[in-house]
2 protein chains.
Amino acid sequence: MSPGERQAVFQYIDKRFDDFVADLTEYGRVPTISAQEKAFEEGAAATVRILDRYGAKARRMPVPGGPDLVVGEVVEDEQLPTLALYNHYDVQPVDPLDEWKSDPFRPEVRGGALYARGVNDTKGNLVSQALAQAAVRETGRLPVNLRFVVDGEEEVGSPHLLPFADAHPELFRAAAATIEGSDHDEVGRPLFTMGSKGILSVELAVRTAGVDQHSSIATVIPNAAWRLIAALNTLRREDGRILIKGFYDGTHKPGKEELSYLRRNTWDPKAWETTYGTKVLGGRTRFERLKAHMYSSTCTIDGIWSGYTGAGHKTVNPAVAHAKLDFRLIPGQRPEAIFKKLLAHLRAKGFADVQVEKHSVFEPAATPVSSPISQAIIAAMKEVYGREPNLLPWMSGSSTTWYFTRVGTPAVSGPGVGWTGGRIHAPNEHIRLVDARRAIKTTAAAILNFGQAR
Amino acid sequence: MSPGERQAVFQYIDKRFDDFVADLTEYGRVPTISAQEKAFEEGAAATVRILDRYGAKARRMPVPGGPDLVVGEVVEDEQLPTLALYNHYDVQPVDPLDEWKSDPFRPEVRGGALYARGVNDTKGNLVSQALAQAAVRETGRLPVNLRFVVDGEEEVGSPHLLPFADAHPELFRAAAATIEGSDHDEVGRPLFTMGSKGILSVELAVRTAGVDQHSSIATVIPNAAWRLIAALNTLRREDGRILIKGFYDGTHKPGKEELSYLRRNTWDPKAWETTYGTKVLGGRTRFERLKAHMYSSTCTIDGIWSGYTGAGHKTVNPAVAHAKLDFRLIPGQRPEAIFKKLLAHLRAKGFADVQVEKHSVFEPAATPVSSPISQAIIAAMKEVYGREPNLLPWMSGSSTTWYFTRVGTPAVSGPGVGWTGGRIHAPNEHIRLVDARRAIKTTAAAILNFGQAR
């Protein structure tokens, strides 16, 4: 494709950029909170509507027990290879609601950014990719076929998607796949990640009595909160090291090339000190912090609750206590094996009374930097941004990457509309419009590059 | 007073026992949850109405910043000594609401018991004492004057009562005082307690960031829940021993007489295994368990919360975590001193970032078994129940006992309508009507005994 043709694609995107904002504003109003099983129907219908509007013929596929999967196909030529584009139409819960500056489901542009739950993670990426392929198609010809795969329960770990994927491997098999979209850094340099960490999320529950008691008899009756805390204490050292036997077995060790591009990466996790008003740990240099961020597995308390948590004070010895935990895992670690090790650990430490419910599992996954899809996106980023992107071996979040890699599809992050301060999963989630415009162009260029490389 | 006159008092009580149930049913409908600042006006008005109905001239006294104190006076003769009767019209919160078998504010008789929040703790005691004094007065003559003192915020630790009591010592000064009412055991034997433990309740809060984050960056950002747990861990050993330096300073050691009546006490904390569906700790014999229950100070987690506690799973690294704690203290321990030691402890252990808010303070208090009010009640119990009551040096809960003892008034528990399985502070609070009827008679007999002893 000539520079002139590339220019036409980018002009098309500039011309329709307001459509992107308008369509994302419409899409962002659907409160598809999967953790609360909200608006699944409305969310799937809105996804079909958006895809159809950009010429991707979309259909809903029932996922037993879960929300529909939406699949949008753009078939240029049956002989061409297919690029799969994975996103999800569900979003995270919005609490604490009172920390939002505007209604999380009334998207609003302020200071060049669009605020609403899901505009970053990941409705914005879906709409951006829909527009990108339309730009390529309507100014010329797609060099690949495309398949949008849009999940409705990613934020709760896609609990129903795995058996569905087993029954429909053809949806996940492709020449390559992009998963959602990578972030920009503070100064707008794009990131590109070639995989994702895994996750095991669980809920622990402990019951020490049939019913809560007046706290005056806590002299001789066990307290569920103390019991849960005692169990949690056996899991993790204060410095973050996880104490479950065999937890680190098989963990990936970075090679020279990986450490080399990690060292060239200009992004510093220390930036989160400003974004989140906190102290960033992990080391004294940018490289140390980045290495800690990439190669640390975590055990995070996502939530804990027991007893009276309302206004004032209730003197009660609680009978039950709960904690939601997630373990972020790096390639080589196996969440199902770690779940078994967690159960064995609790038994061995004398906490057989702690009930463990598995909430979600994603395997970690990674695709090499030398893979054609990696190279196509890196080249597109160089073209649109005029410089090398920051590279990471995987994103620090978990994703459905392994739904694709497990059936042999190289899978990496798509060029994304978000930025690292975009507060995904937190109040005031947003995207910067300047990032979004570039991400759409990058996606279009990457589609062209990937087609040429085949 | 002759046996015949005593008989007339008891017959009066039997005749009006239905009034007790009806009046308590009316009183129990007022949802005076002080922790939620509910129905203070309605609660004070209902208290005045009940006292007036039984001939105790009642008035409301404004307590700066808090709900009104209700004071009801029965003055037989200015020259007679005064017995003060302390109760409270506020109640505990009702959650978890779904564990209640009937509406907590629609008192209901089932199987010989009256169920509702507060019927045991302690609206039932107030109505029982109102009826008891009416029985003595209307069948003869009161040998003492009476002063009902009815608090509106006991369940939150009476935070506004102390300065009020400093300004009105005359309300707390008396020949003796009874505080609420002691429980019966499973088989209906009455308990009599001669003081109360103290309490220090606090709320801890820790903030590790300005805002919650996606849990994927918990690799390098501290987690508020883990931080709070680390702080809590320094406070208490798993066996319940409290690790704050100087916590046990000055703690009362039981003498021979105390251990002797404790050994004769037939009640076994093991009974709570059935009541609460739990495992009772503290020792292998009844005496060991009772001693553990009496002489153990506690650090109880009344509530803990952080992060996402709703349905499903949210992968969030929480920025803030909270815990409500209470320390139950035995005579000799000083809550204000322990509060200072707690702050010093957290600083010394490296947890200066943990904020501590004092919620309530009650000093422990004890009155000797040889005191006239103790002897009057013990004799009344022997008469009504036909056997020796179980004696305890103090109740395991905290109470306003020290508001009276600190101005020189011997103060003990009144004969109470409740029983040890009455689920105070928990769902399905109730009293057994057979216990209540005997408690009313005991109060009447104790008033007569106390008057004769003067």
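Residues numbered from 1 in each chain as written. Chains lettered and ligands numbered in written order. Predicted model: local features only at pLDDT ≥ 70, side-chain atom pairs only at ≥ 80, totals over all residues.

A. Up close: the overall build of chain A. Within chain A one finds 13 helices and 19 strands. In summary, chain A has a C-alpha radius of gyration of 23 Å against a globular reference of 22 Å for 454 residues, a match within 12%. For the C-alpha atoms alone, the extent of chain A along its principal axes is close to 80 × 45 × 45 Å. Across the 454 residues in chain A, those meeting the buried criterion constitute 59%. The contacts in chain A between residues at least 6 apart in sequence include a share of 79% that link residues at least 24 apart. (Helix = DSSP H or I, 4+ residues; strand = E, 2+ residues; numbered from the N terminus. Rg over C-alpha atoms; globule rule 2.2 N^0.38 Å. Buried ≥ 20, exposed ≤ 12 C-beta atoms within 10 Å, placed from the backbone. Contact = placed C-beta atoms within 7 Å.)

B. Focus on the domain arrangement of chain A. All names here are of chain A. Domain annotation for chain A reports domain 1 (3-194 + 367-453) and domain 2 (200-362). Placing a centre on the C-alpha atoms of domain 1 and another on those of domain 2 gives a separation of 30 Å. In this assembly, 20 residues from domain 1 lie in contact with 16 residues from domain 2. Elements represented by at least two residues in the side of domain 1 that touches domain 2 include exactly strand 16 (390-392) and strand 17 (395-398). With 3 residues, strand 16 is the largest single contributor of residues to the side of domain 1 that touches domain 2. (Domains from an automatic or database assignment.)

C. Layout of the sheet that holds strand 2 (residues 69-74) of chain A. All names here are of chain A. Within the open sheet, the 6 strands sit side by side as 1-2-6-3-7-18. Their pairing is mixed. The outermost strands of the open sheet, each flanked by one partner alone, are strand 1 (57-61) and strand 18 (411-414). The sheet shows a mean angle of 25 degrees between the axes of neighbouring strands, direction not considered. Sheet topology places strand 3 (residues 82-88) next to strand 6 (residues 145-151); 7 bridges connect them, and they run parallel. Counterpart to Tyr 86 in the pairing with strand 6 is Val 149. Sitting on the sheet, helix 4 (residues 123-139) touches strand 2, strand 3, strand 6, strand 7 (176-181) and strand 18, and the angle it makes with strand 3 is about 150 degrees. (Pairing = 2+ DSSP bridges. Axes fitted to C-alpha atoms, helices over the stretch in contact; angles between N-to-C directions.)

D. Representation of helix 11 (residues 372-385) of chain A in the model. All names here are of chain A. In this model helix 11 runs 20 Å from its N-terminal to its C-terminal C-alpha over 14 residues, within 8% of the 20 Å that 1.5 Å per residue would give. Taken residue by residue, helix 11 has Ile 373, Ser 374, Ala 376, Ile 377, Ile 378, Ala 380, Met 381 and Val 384 as its buried positions. Those residues of helix 11 that are buried are in contact with strand 7, strand 8 (191-193), strand 18 and helix 13 (433-453). Directly after helix 11, the chain includes Gly 386, whose backbone phi takes a positive value near 70 degrees. (Expected span 1.5 Å × (residues − 1).)

E. How the structure looks around the confidence of the model for chain A. Scored by pLDDT, chain A has a mean of 95; 99% of the residues are at 70 or more. Interface confidence for the predicted complex, given as ipTM, is 0.81, next to a pTM of 0.81. (pLDDT = per-residue confidence, 0-100.)

F. Helix 10 (residues 335-348) of chain B, seen in detail. Residues and elements named next belong to chain B. Taking 1.5 Å of rise per residue, 14 residues should cover 20 Å, and helix 10 covers 19 Å from first to last C-alpha, within 8% of that figure. Contacts from the buried residues of helix 10 go to strand 9 (195-207), helix 6 (224-233), strand 13 (320-329) and strand 14 (355-362). Taken from the residues just after helix 10, Gly 350 is the one with a positive phi, measuring 85 degrees.

G. Seen up close, the sheet that holds strand 2 (residues 69-74) of chain B. Residues and elements named next belong to chain B. Here 6 strands make up an open sheet; going across it, the order is 1-2-6-3-7-18 and the pairing mixed. Each having just a single partner strand, strand 1 (57-61) and strand 18 (411-414) make up the two edges of the open sheet. In this sheet, neighbouring strand axes are inclined to one another by 25 degrees on average, regardless of whether the strands run parallel or antiparallel. Along the sheet, helix 4 (residues 123-139) contacts strand 2, strand 3 (82-88), strand 6 (145-151), strand 7 (176-181) and strand 18; its crossing angle with strand 3, the most-contacted strand, is approximately 150 degrees.

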